[in-house]
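Listed here are the chains, written in short residue letters.
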Amino acid sequence: MARLAVYLRVLTEMLAEGVRTVSSDVLAAAAGVNAAKLRKDLSHIGSSGVRGVGYDVPRLTQQVETVLGLTRSHAVALVGVGNLGHALAGYGGFVQRGFGVAALFDVDPDLVGTTIAGVEVLDVARIPEICADRGVTIGVVATPAAAAQHVCDALVGAGVRSILNFAPAVLSVPAGVEVRKVDLAVEMQILAFHVSRRHDGVAATSDATGKVFG
């Protein structure tokens, strides 16, 4: 599913550039996967290219959107409009991909009542009312860790069944609720590990040969 989302991004860019057909090799290279894996992924959703021609970009785009459930728009509620939340609320790419920010919430009285990208920030106490009224299907948690579970419970209580969690906390949810966690610090730590491993490898090569090879 994650790869399909990447394929869709590439296909959307190709459509914007006027590309009508694309080979599996070109599409795979743009998506950062090998062509065999791409062809296998696309075969699972019933799409096969034409030998010597490739894939029909508009048709394939529509197929991937259907599989990913993007043939309808989704209303998003974002809770916590501090630095990260404010940036997420103002990101125009969500709307372009069918994820309109329908509601913003915070507990800070200095933020409640302000407007970000045309959406008013409301008090978290109104989560049940507003999420039901605006048909929210996806909740985004961008609060401090201590508040994350309470916010998650409020969203779930309002009928939200998909949660994207940016808070540095593990959320407990009932069966039937999907949580995706994005921890930027953990991602940085993973990158630091790879940097360190490359550095150690270069150092070991230098020690063994007396030369440093990049």
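No experiment lies behind these values; they were computed from the predicted model shown. (Residues numbered from 1 in each chain as written. Predicted model: local features only at pLDDT ≥ 70, side-chain atom pairs only at ≥ 80, totals over all residues. Heavy atoms only, no water.)

Novice: Let's hear about the overall build of the chain: which residues, and what values?
Specialist: Along its length, the chain carries 9 helices and 9 strands. For 214 residues, the compact-globule estimate of 2.2 N^0.38 gives 17 Å, and the chain exceeds it by more than 25% at 22 Å. Overall, the C-alpha framework of the chain stretches about 60 × 55 × 35 Å when taken along its three principal axes. Looking at the 214 residues of the chain, the share that counts as buried comes to 35%. When contacts within the chain are restricted to residue pairs at least 6 apart in sequence, those whose partners lie at least 24 apart make up 53%. Here the chain has roughly 12500 Å² of accessible surface; of this, 57% comes from carbon and sulfur atoms. Averaging the coordinates of the 18 positive side-chain charges in the chain and doing the same for the 19 negative ones gives two points 12 Å apart. (Helix = DSSP H or I, 4+ residues; strand = E, 2+ residues; numbered from the N terminus. Rg over C-alpha atoms; globule rule 2.2 N^0.38 Å. Buried < 20%, exposed > 50% of the residue type's maximum accessible area, 1.4 Å probe, protein only. Contact = heavy atoms within 4.5 Å. Areas by Shrake-Rupley, 256 points an atom, 1.4 Å probe, with all protein chains shown as cover. Lys, Arg positive; Asp, Glu negative; His and termini not counted. Charge placed at Lys NZ, Arg CZ, Asp CG, Glu CD.)

Novice: Account for helix α2 (residues 24-31), with residues named and values stated.
Specialist: Taken together, the buried positions of α2 are S24, L27, A28 and A31. Seen from one end, α2 has its buried residues packed into an arc of 100°, which puts them on one side. Exposed residues on α2 whose side chains face more than 90 degrees from its buried face are D25 and A29. If you follow the buried residues of α2, they end up packed against α1 (2-16), β1 (21-22), α3 (35-44), β2 (55-56) and α4 (57-67). (Arc of directions from axis to C-beta.)

Novice: Kindly report on the UniProt feature "DNA-binding region" (unreviewed entry) in the chain, identifying the contributing residues and their values.
Specialist: Look at the UniProt record and you will see "DNA-binding region" (unreviewed entry) annotated at residues 6-45. Split by type, residues 6-45 is 72% helix and 5% strand. Its first and last C-alpha atoms lie 15 Å apart. (UniProt positions renumbered as here; feature names shortened; annotations may be inferred.)

Novice: Describe in detail unusual backbone geometry, supporting the description with residues and values.
Specialist: Of note in the backbone geometry, A117 takes a positive phi value of approximately 50° without being a glycine. Along the chain, the position of A117 falls in the loop between β5 (115-116) and β6 (119-123). Overall, the relative accessible area of 61% leaves A117 in the exposed class.

Novice: Go over the packing of α1 against α2 with me, naming the residues and quoting the values.
Specialist: Contact pair α1 / α2: the axes reach a minimum separation of 9 Å and the direction vectors enclose 115°. Considering their axes alone, α1 and α2 lie roughly perpendicular with respect to each other. Considering the relative orientation of α1 and α2, their crossing is right-handed. On α2, the residues that touch V6, Y7, V10, L11 and M14 of α1 are V26, L27, A30 and A31. Split into classes, the residues belonging to the contact of α1 with α2 amount to 9 nonpolar, no polar and no charged. (Axes fitted to C-alpha atoms, helices over the stretch in contact; angles between N-to-C directions. Parallel < 35°, antiparallel > 145°, perpendicular 65-115°, else oblique. Left-handed = near helix turned anticlockwise from the far one by under 90°. Nonpolar A, V, L, I, M, F, W, Y, C, P; charged D, E, K, R; others polar.)

Novice: Got a sec to walk through the environment of A175? Specific residues and values, please.
Specialist: Within the fold, A175 resides in the loop between β8 (162-165) and β9 (178-181). C-alpha of A175 to C-alpha of R161: the two residues are 14 residues apart in sequence and 9.6 Å apart in space.

Novice: Can you lay out the packing of aromatic side chains for me, pointing to particular residues and giving the numbers?
Specialist: Following the criterion strictly, the structure yields 1 aromatic pair and no others. Between Y91 and F94 the ring centres are 4.9 Å apart and the planes differ by 90°, which places this aromatic pair in the edge-to-face class. Looking at Y91, the relative accessible area reads 46%, which means it is partly exposed. (Phe/Tyr/Trp six-rings, centres within 6.5 Å; stacked < 30°, edge-to-face > 60°.)

Novice: Please set out the UniProt feature "binding site: NAD(+)" (unreviewed entry) in the chain residue by residue, giving values where relevant.
Specialist: Taken from the UniProt record, the annotation "binding site: NAD(+)" (unreviewed entry) applies to G80, V81, G82, N83, L84 and G85. Restricting the annotated residues just mentioned to those that line the second largest pocket leaves G80, G82 and L84. Examined against the element boundaries, V81 turns out to sit in the loop between β3 (74-79) and α5 (83-89). Its relative accessible area of 2% is what places V81 among the buried residues. Beyond its immediate sequence surroundings of up to four residues, V81 is in contact with H86, L104, F105, D106, L111, I116 and V121. Position of G85 among the secondary structure elements: in helix α5. Residue G85 is classed as buried on the basis of its relative accessible area of 1%. G85 has contacts with L78, G80 and A142, leaving out every residue within four places of it along the chain. (1 Å grid on protein atoms, 1.4 Å probe; cavity = no way out; pocket = protein on both sides within 12 Å on 5 of 7 lines; lining within 4 Å.)

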